[in-house]
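# Geometric and topological summary
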Amino acid sequence: MRFTIATRALATTLLLSLTSATHIIPDAKGKLPLQAGYDYIVVGAGIGGLVVANRLTEDPSVSVLVIEAGDLDDRAEDVSIPGNIGFEDPRRYEVKVKLATQEFLDQKTRIISQGKVVGGSTIVNGLVWTRGSVADFDAWERLGNPGWGWSDLLPYFEKSEKYSAPVKNGSGAYILLHPSVGNHGERGPVQVGFPNYCYNQSYNFLDGIRELGIPVNEDINSGNATGASMIPSSMSAENQSRADARTAYLDPVLERQNLHLITGYTVTRILHDNGGAIFPNSTHIPGASGLSVTGVEFAANSTAQKITISCRKEVILAAGAIISPVLLQVSGIGPADLLGSLGVDVAVDLPGVGSNFQDHATLQPVYEYTAPDIFTAWDIVGSTRDVVRQEYLTNRTGPWTAPMVNAAAFAALSWVTDRVEEILDAATNETTNLPSSYDATLRAGYVAQQAELISLLARIDTPAYEVMSTSWGQLAVSGMQPFSRGTVSARSASIFENSPPVVDPRFCSHAVDCQLLLMGLDFNDRLIQTTSMAALMPVPQPGFGITEARNDTALDGIMRSKITSGFHPSGTTSMLPLEHGGVVDPSLRVYGTRNLRVVDAGVIPLIPGAHIQAAVYAVAEKVRHLLYHSSRSGMFMMKVLITARKQAADIIKAESSEALPAAKPWLKSSHESKRSSKPRHVPQLGPTHAAHEG
């Protein structure tokens, strides 16, 4: 059984490589045996690209070409085994993007990882599967997107997943989970489950959270997104291995003759006419003005010959929230001033392309557990690793079934502070934090988003921040409702000279974001002093000790030097009304075009208070429904747009918040752990969250 995973991986990869019906490779002369044209061309084989390609080719009369810059993964143990996350680095399937200097932190840069592989970042992420709250998605609808509220998206959340409830063994954390009936899919492509092993520290964490008055949430994906819980993962309950976009949406359909995939090629431009011609078979909206996209140009590298391929219906961008806006910009679709500086002819002046960038700013402090009887993932070395590996390969049990993070707490603002009104006032009054490049439409859009964020923070079912627990004591804090906004801009007219583009999240450009993270660190300070957590003998890393936690000025300085990406880049091609800086309409069609759509995290208008891979799967599943109706009735989409404009004109600035409970006093302990001077490697969360879907 030792070679089961490797053998199965090799077989699957060979099958895909040899199946000419799907994976197209150069012939003996180095040419790609492609069709003259395709109905749909999909740019990027992450979540959005593979979901849409799978669903479109359910109709054998529809042809689809998917173009991916990365390669097929090898299904090796550093990819497929949950317990290796954070300890093995599958960098061969990642691209490291250097961020701009962070002006509002410490004047230094950061690195964000993106998946560059078939399956996108679902091949390298941390598997965490959370949706967000009902209110998160209802806010999307109120921002001018009819048909995108929670009740509209729930069927697509369910359609994407095959949910397996945790095995209840009569003790431990899993007995606290009771999945809501009717809220989970049973026959979807993405397997969602729980590990067969849970570190004891997860129980301490949940018990400590409850000591602080935070309730346990029996189903974090029910639409009520606050509380502490064991977190479901995108993993096979039966096989206890990674479930990703490739295994879910590509591998099962390798026999389809109407689906073609090419790997190792980068799309360099989206091709379009300049006269507004209409395709005979186009799915454009009748009467809509704009460009007709004719196809794409792509190449293996910057010196290789460029290849063009035409589309009969649509081009669908699914390259992720960083690359999709850059590809639009170098193709002449974006802010006119930026395009002019690049020497790119303006086809569509669309100010929102690359703006409204959002991410969950994250801290990763470690409170090392030093109790002598504690077993952590750090201990899986040498002969212990051999035993753990063998148990996993033979029985699919043991520590290697446990992902890096499988317990977390999502705290509502009113649960952790009695200064709710003060914080919300500060969030409301801060209006000068936007990039100077934002025009009037983007500023109007931000005002609408700001009102929604304030409403969300006032609720008790939507989190202000998340605390993620690992087996060795990392208590990572992520702000769940960021007010800061950033940008993504091409630095050259050549896509190959945009490695990386100019990516500036502008973390903490809105002061409330750092204020909420400070509150998260204060929460950690109280948490490690609870009876349940003190039993682990946690030792904070320098700068995050109990004494430092009581000095907000000192802690703020340390915190700003440690803030990094939550690996959830989104919003850069936002689904918003055009007058609010939007890039795509509620059908995800790019404004000013007839037959170009975006299907990735970039379309998210307001990032949900959750890890985003589940939401991106749902968005992509819904797009197939939109394409179905669009191809049969242009008037259907016209009605959607008319409704969107009417709703945007009368957008609700804030919803009525629920009554807030009385503030709960924190339990305090006089316990203070001894410091440990042991130097240890600290695995970081890394891309524990889906990006480039990636």
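Further up the page is the structure itself.
### Considering helix α8 (residues 320–330)
In terms of burial, α8 is largely enclosed, as ten of its eleven residues are buried. Those residues of α8 not exposed but buried are Gly320, Ala321, Ile322, Ser324, Pro325, Val326, Leu327, Leu328, Gln329 and Val330. Directly beyond the C-terminal end of α8, a positive phi value near 95° is found at Gly332.

### Observations regarding the packing of helix α12 (residues 420–429) against helix α13 (residues 440–457)
Their axes nearest at 10 Å, the elements α12 and α13 cross at an angle of 175°. By the criterion of interaxial angle, the relationship of α12 to α13 is roughly antiparallel. Taking contact as the criterion, the partners of Leu424, Ala427 and Thr428 in α12 are, on α13, Gln450, Ile454 and Leu457. Looking at the contact of α12 with α13 residue by residue, the classes come out as four nonpolar, two polar and no charged.

### Remarks on the pattern of salt bridges
Evaluation of the coordinates by the stated rule reveals 25 salt bridges. Arg385 is the salt-bridge partner of Glu88, the closest N and O atoms lying 3.6 Å from each other. Separated by 297 residues along the polypeptide, Glu88 in the loop between α3 (77–80) and β3 (94–98) and Arg385 in helix α10 (residues 382–395) bring together distant segments of the chain. By relative accessible area, which is 27% here, Arg385 ends up partly exposed.

### Side note on the state of the cysteines
A covalent bond bridging the sulfur atoms of two cysteines is what the word disulfide describes. In the structure shown here, the tally under the stated rule is one disulfide. A sulfur-sulfur distance of 2.2 Å marks the disulfide that ties Cys508 to Cys514. Given an S-S torsion of about 100°, the disulfide between Cys508 and Cys514 has right-handed geometry. For the pair Cys508 and Cys514, a shared accessibility class is recorded, and that class is buried.

### Observations concerning the sheet that holds strand β16 (residues 407–411)
Here five strands make up an open sheet; going across it, the order is β7-β16-β17-β18-β14 and the pairing antiparallel. One side of each edge strand has no neighbouring strand; the edge strands of this open sheet are β7 (227–230) and β14 (362–363). Relative to β16, β7 is paired through four bridges, and the arrangement is antiparallel. Across the sheet, Met230 pairs through a bridge with Ala407, a residue of β16.

### Some details on the environment of Asn433
Within the secondary structure, Asn433 sits in the loop between α12 and α13. Linking Asn433 and His510, residues 77 residues apart in sequence, is a C-alpha distance of 5.7 Å. Once you skip the residues sitting within four places of it in the chain, Asn433 turns out to touch Tyr446, Phe483, Arg506, Ser509 and His510. A distance of 3.4 Å separates the side chain of Asn433 from the side chain of Tyr446, its partner in a polar contact.

### Thoughts on the packing of aromatic side chains
Note on aromatic pairs: each is described by the distance of the centres and the angle between the planes. According to the stated counting rule, one finds 14 aromatic pairs in the structure shown. Taken together, a centroid distance of 5.9 Å and an interplanar angle of 20° make the contact between Trp378 and Trp472 stacked. Here Trp378, found in the loop between β15 (367–369) and α10, pairs with Trp472, found in the loop between β17 (465–469) and β18 (475–479); they are 94 residues apart in sequence, far enough to count as distant. Of the two residues, Trp378 and Trp472, neither departs from the other in class, the shared state being buried. Ring centres of Tyr465 and Phe523 lie 6.2 Å apart, and the angle between their planes is 65°; on these two criteria the pair is classed as edge-to-face. With Tyr465 in strand β17 and Phe523 in helix α14 (residues 511–527), the pair connects residues that are 58 residues apart, well separated along the chain. Residue Tyr465 is classed as buried on the basis of its relative accessible area, which comes to 0%. The exposure class assigned to Phe523 is buried, which follows from its relative accessible area of 2%. A connected cluster of aromatic rings, assembled from ring pairs, spans Phe137, Trp140, Trp150 and Phe157. When the ring centre of Trp148 is taken as origin, the NZ or CZ atom of Lys622, which lies over that ring, is 5.0 Å away.

Parameters and conventions
Residues numbered from 1 in each chain as written. Predicted model: local features only at pLDDT ≥ 70, side-chain atom pairs only at ≥ 80, totals over all residues. Heavy atoms only, no water. Buried < 20%, exposed > 50% of the residue type's maximum accessible area, 1.4 Å probe, protein only. Helix = DSSP H or I, 4+ residues; strand = E, 2+ residues; numbered from the N terminus. Axes fitted to C-alpha atoms, helices over the stretch in contact; angles between N-to-C directions. Parallel < 35°, antiparallel > 145°, perpendicular 65-115°, else oblique. Contact = heavy atoms within 4.5 Å. Nonpolar A, V, L, I, M, F, W, Y, C, P; charged D, E, K, R; others polar. Salt bridge = Lys/Arg side-chain N within 4 Å of Asp/Glu carboxyl O. Disulfide = S-S within 2.5 Å. Pairing = 2+ DSSP bridges. Polar contact = N/O pair within 3.5 Å; in protein donor to acceptor, adjacent residues only side chain to side chain. Phe/Tyr/Trp six-rings, centres within 6.5 Å; stacked < 30°, edge-to-face > 60°. Lys NZ or Arg CZ within 6 Å of the ring centre and 35° of its normal.

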